[in-house]
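Breakdown of the fold
So you can see what is in the structure, the chains are spelled out below.
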Amino acid sequence: MEYKLENLVIPKSIAIILDGNGRWAQKRNLPRAMGHKAGCEALEKTVEDCVRLGVECLTVYAFSTENWKRSSVEVGALMKLLRFYMVKLIDVANKNNVKAVMIGDESRFEPDIRKGIKKLVDATSKNTGMTFAFAINYGGRDEIRRAINNIVDDTVSGAISKDDINEELISSYLDTKNLPDPDLLIRTSGELRVSNFLLWQIAYSEFYITDTLWPDFDKEELLKAVESYSQRQRRFGGR
């Protein structure tokens, strides 16, 4: 399918729920870990495709606070992949002038994974192109809970007052305080739910659902999503 970029409205900020790795592997009689590996490869390409389109911020849901409930074998495989791709993404990000940041609670990860996250963030911090935010051990409710705790602490200490609390202040306490709210939320694999992702930030995001499993998501699928977004009329509650 051919698209003329001049006819597309490119979202400044895109968020993606990466879903379908396990089903992709199951369809091919492969271990679930192979589906996650293929999903990481698809993510690398999507980062580069978003850069070329002119997207300013890409946020992806890589590992949720609920994903710890999966089998120890699958979680172990995911942690192994995380260790590998934290290193590989440094080259991918720097090659594309991408700044990588993490959202989520890293405290549950092993020390070497936390060290790898810091290395990736530090190594790309001076890049001036697209921001790539990866959500790991992230949950929208947990993010809001942590923000409320910090607001309460600052209220008790006198750093802020009760009258200071408004939407802007709450946003400034979230993991995404330095990121724009998503213009477009993409979910792969056909599921019709937000799965505890960016609950505060997607209040006025446009949704795009595709049956494509995440490892099969490519530039053509991305352009389909952007083309659909280009036809939306965003009123933000007005007329």
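Refer to the structure above for everything that follows.
No experiment lies behind these values; they were computed from the predicted model shown. (Residues numbered from 1 in each chain as written. Predicted model: local features only at pLDDT ≥ 70, side-chain atom pairs only at ≥ 80, totals over all residues. Heavy atoms only, no water.)

1. Some words on the overall build of the protein chain
- Secondary structure assignment for the protein chain yields 7 helices and 6 strands.
- Secondary structure elements of the protein chain occur, N-terminal to C-terminal, as β-α-α-β-α-β-α-β-α-α-β-β-α.
- Each principal axis of the C-alpha atoms in the protein chain carries an extent, and together these give about 55 × 50 × 35 Å.
- Across the 239 residues of the protein chain, 49% fall into the buried class.
- Of the contacts made within the protein chain by residues no fewer than 6 positions apart, 77% connect residues no fewer than 24 positions apart.
- Total accessible area computed for the protein chain in this model is approximately 12900 Å², and 50% of it derives from carbon and sulfur atoms.
- Looking at the protein chain, you have 35 positive and 35 negative side-chain charges, and the mean spots of the two groups are 4 Å apart. (Helix = DSSP H or I, 4+ residues; strand = E, 2+ residues; numbered from the N terminus. Buried < 20%, exposed > 50% of the residue type's maximum accessible area, 1.4 Å probe, protein only. Contact = heavy atoms within 4.5 Å. Areas by Shrake-Rupley, 256 points an atom, 1.4 Å probe, with all protein chains shown as cover. Lys, Arg positive; Asp, Glu negative; His and termini not counted. Charge placed at Lys NZ, Arg CZ, Asp CG, Glu CD.)

2. Considering helix α3 (residues 72–95)
- The end-to-end C-alpha separation of α3 is 34 Å, in line with the 34 Å expected for 24 residues at 1.5 Å each.
- The largest bend in α3 is about 30°, located at K88.
- Those residues of α3 that fall on the buried side of the exposure criterion are E74, V75, L78, M79, L81, L82, Y85, M86, L89, I90, V92 and A93.
- Taken together, the buried residues of α3 touch α2 (32–53), β2 (57–64), α4 (111–124) and β4 (131–138).
- Looking one or two residues beyond α3, the residue adopting positive phi is N97, at roughly 55°. (Expected span 1.5 Å × (residues − 1). Bend = angle between axes of the 7 residues up to and from the residue.)

3. Looking at the nonpolar core
- Ranked by size, the top nonpolar core spans 44 residues in total, and within it L58, M79, F109, F132, F134 and I186 carry the most contacts.
- Examining the composition of this core, we find that 9 residues originate from one element, α3, more than from any other.
- Other than its neighbours up to four places away in sequence, L58 contacts I14, I16, T46, V47, C50, M130, T131, F132 and A133.
- The next biggest cluster of nonpolar side chains, apart from the first, holds 14 residues, and it includes I103, A135, L185 and L198. (Core = buried A, V, L, I, M, F, W, Y, C linked by side-chain atoms within 4.5 Å.)

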